[in-house]
Amino acid sequence: MIHIPKLLIEDVVEEHINEVLPYIVNGIKFFINIIVTIKNARLQCTLNELKVNLGVDKRRYIAELNCIRGSAHKVINIKHDTVIDFDNRKFNNYFISKIDLYHKFFKYLLKNNNKKLKQILKSEPYRLERIYDGLEWNFDEIFFVTNDEKKFVCDLLSIIFNYESVINNKSSKWNGYDLATRLDITVCPYCNRSYIFTVISRDKEIVRPEFDHFYCKSLYPIFSLSFYNLIPSCSICNKKKSNTDFLKKQKGLHPYYEGYGNNAFFTYEIKDLDTFEGEKEAVKVKLQINHDPDGKISINNKVFAISAIYEYHNDIVADLLYRGKTYTKSVIEDIVETLNNGESTKVSEEEVFNLIYNYSSDEDIPKRSLGKLHKDIVDRMKWDVSFFSSAHMSLSKK
Ligand SMILES: [Zn+2]
C-alpha cells in the first residue's frame, strides 16, 4: 500500500463536487416530487373518503406517480426502475409507510444550500464514518432496518448517488475518465504493481483505472460518489477488496492518508547461494511488518494478499541480488569514470547506482510499478554485510 500525497489530489476535490452535486440534487428532488404527489393524493383521499371509491383514487394517484416515473430516465438517467415500482410490496411497506421520514431525510440533505450533501461528497474518510453514525442516529428507521429493507434502502440510495450513471457512463459530463485524468495516479496504490494510467487517444477513451469504493458501495451507497471514497486502482485489487466492510467491520489503510511507509517493508530470505546467480527459487520475498498498532497494515496485507502475491516477484529480487554481486563499488567507479571521461556533463556514482538497481526515491515510489519492492530490497542489501562485503553497498546507506 502506497501513500498518495494529498498535494496531488487537492485541486480535484472541488471540481469533482461541483460536477456531481447537481446530478444528486436532481435525484433527491425527483424523490421529493414523488413524496409530495403521494402525500397530496392521500390528502384528497381523506377529504373525499366518504364519497369516493378508494380503488379509483388509488388508481388515479398511481397513474400520476407512473407519469413521474416515466420522467425518471431523463431526470436521473436510470435504465431500470424496479425500485420505484408503486405497486410493489417493498415500495409500499418500506417507502410509503415511512413517507414522512423519507421526506424529512431528503430535505435534511438539501437544507442550507445542500450542506449535508456537500459534507457527504467532500469529507475525508474518517469523517465520513462519523457522518454515517449521525445518519443512523437521526434516521434509524431508514438505516437500522432488517436485511430485506436494507436492500431496498441501498437500491433507492444507489439511484440517487448513481455511480453507474455518472462515473461509469461514457456520455456523462464528468465520468471516470475525467476524474482519473485529473487525479493522474499512474500506479495502483493498493498493490504498487499495475499501471493504471488513463489513455485517451484522438478523443477516444481507451483505458482508465477502476475506482474502488473504500467504503463499499453495496453497503454504503450514500458514499458512492464521495470523492475520498473513490480510489483509482487496478481491477485485481478492486475485485479482491470487493465488499470488504472498512467502515463497520475492520479498518483499512486509506491511500490518500497512509501507506506502509517505514512501518512495513519487503525483505528477502536467502535459501541457498544460487541466489547470487539470479536463481529465483533460491530466494523468498517477505513482507515484514515492524509497527502496526491499529492492525491496519495486517488487514491490508490480508485483503489484498500482498505477501502472497509478492512471493511471485522473487525473480526481481534474485536479479537485484545478482546485480549486487556483479556491480561492485569498483565496477560502478569504473563506469562513472568512463562516462565522465572528457564530457562536460558529470554523472555521479549515485545516479549510476540508482540506474543499475532501479532504485526509487520515496517521492517516485507511487509512480513506479514495484517501486517500493525495489527500494526496500536494495535498502536491505545495503545493510546485509554478511552477503555483500563489497564496500559499494554502503554507497548511499542512510
Ligand atoms: Zn492493484
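Quick notes on the rules
Residues numbered from 1 in each chain as written. Predicted model: local features only at pLDDT ≥ 70, side-chain atom pairs only at ≥ 80, totals over all residues. Helix = DSSP H or I, 4+ residues; strand = E, 2+ residues; numbered from the N terminus. Buried ≥ 20, exposed ≤ 12 C-beta atoms within 10 Å, placed from the backbone. Contact = placed C-beta atoms within 7 Å. Core = buried A, V, L, I, M, F, W, Y, C linked by C-beta atoms within 7 Å. Expected span 1.5 Å × (residues − 1). Arc of directions from axis to C-beta. Axes fitted to C-alpha atoms, helices over the stretch in contact; angles between N-to-C directions. Parallel < 35°, antiparallel > 145°, perpendicular 65-115°, else oblique. Left-handed = near helix turned anticlockwise from the far one by under 90°. Nonpolar A, V, L, I, M, F, W, Y, C, P; charged D, E, K, R; others polar. Pairing = 2+ DSSP bridges. pLDDT = per-residue confidence, 0-100.

1. Examining the overall build of the protein chain
In terms of regular secondary structure, the protein chain is built from 17 helices and six strands. Looking at the 398 residues of the protein chain, the share that counts as buried comes to 30%. The contacts of the protein chain with a sequence gap of at least 6 include a subset with a gap of at least 24, amounting to 69%.

2. Some points on the nonpolar core
Formed by 71 residues in total, the largest nonpolar core has its most connected members in Val 317 and Ile 377. Excluding residues within four positions of it along the chain, Ile 377 makes contact with Phe 266, Tyr 268, Val 317 and Leu 320.

3. Looking at helix α14 (residues 314–326)
Counted at 1.5 Å a residue, the expected span for α14 with its 13 residues is 18 Å, and the 18 Å between its end C-alpha atoms agrees. Of all the positions in α14, only Asn 314, Val 317, Ala 318, Leu 320, Leu 321 and Gly 324 are classed as buried. Down the axis of α14, the buried set is contained in an arc of 160°. They therefore lie on one face. Residues of α14 that are buried make contact with β5 (264–270), β6 (283–289), α16 (349–357) and α17 (371–383).

4. Considering the packing of helix α15 (residues 329–340) against α16
Relative to each other, α15 and α16 sit at 115°, their axes nearing to 9 Å. The angle between α15 and α16 places the two elements in the roughly perpendicular class. Judged by the sense of rotation from one axis to the other, the crossing of α15 with α16 is right-handed. Contacts between α15 and α16 involve Ile 332, Glu 333, Ile 335 and Val 336 from the first element and Glu 349, Val 352 and Phe 353 from the second.

5. Focus on the environment of Thr 198
Note that Thr 198 resides in the loop between α10 (176–183) and β1 (199–201). Expressed as a C-alpha distance, the spacing of Thr 198 and Ile 185, which sit 13 residues apart in the sequence, is 8.6 Å. Here Thr 198 is in contact with Tyr 177, Ala 180, Thr 181, Arg 208 and Pro 209, once residues within four sequence places are set aside.

6. Notes on the packing of α14 against α17
Across the interface, α14 lies against α17 with an axial gap of 11 Å and an inter-helix angle of 40°. Accordingly, the angle class assigned to the pair α14 and α17 is oblique. By crossing handedness, the relation of α14 to α17 is classed as right-handed. Packed against α14, whose contacting residues are Ile 316, Val 317, Leu 320 and Gly 324, the element α17 presents Leu 373, Ile 377, Val 378 and Met 381 at the interface. For the contact of α14 with α17, the per-class residue count stands at seven nonpolar, one polar and no charged.

7. Section: the pairing of strand β2 (residues 204–207)
Where β1 lies against β2, three bridges are found, and the strand directions are antiparallel. Following the sheet pairing, Ile 200 is matched in β2 by Glu 205. Joining the antiparallel neighbours β1 and β2 is a turn of two residues, in which Arg 202 adopts a positive phi near 45°.

8. What to know about unusual backbone geometry
Within the chain, Asn 114 stands out as a residue other than glycine whose phi angle is a positive 60°. Relative to the helices and strands, Asn 114 resides in helix α5 (residues 99–122). For Asn 114, a count of 18 C-beta atoms within 10 Å translates into the label partly exposed.

9. Comments concerning the confidence of the model for the protein chain
Predicted coordinates in regions of low pLDDT should not be interpreted in detail. Here the protein chain shows a mean pLDDT of 85. Residues at 70 or above account for 83%. Counting interchain partners and residues more than four positions distant, the pLDDT-below-50 stretch residues 389–398 has 17 contacts.

10. With respect to the environment of Leu 320
For Leu 320, the location among the structural elements is in helix α14. We classify Leu 320 as buried; it has 23 C-beta atoms within 10 Å. Ignoring any residue separated from it by four or fewer positions in sequence, one finds Leu 320 in contact with Tyr 357, Ile 377, Val 378 and Met 381.

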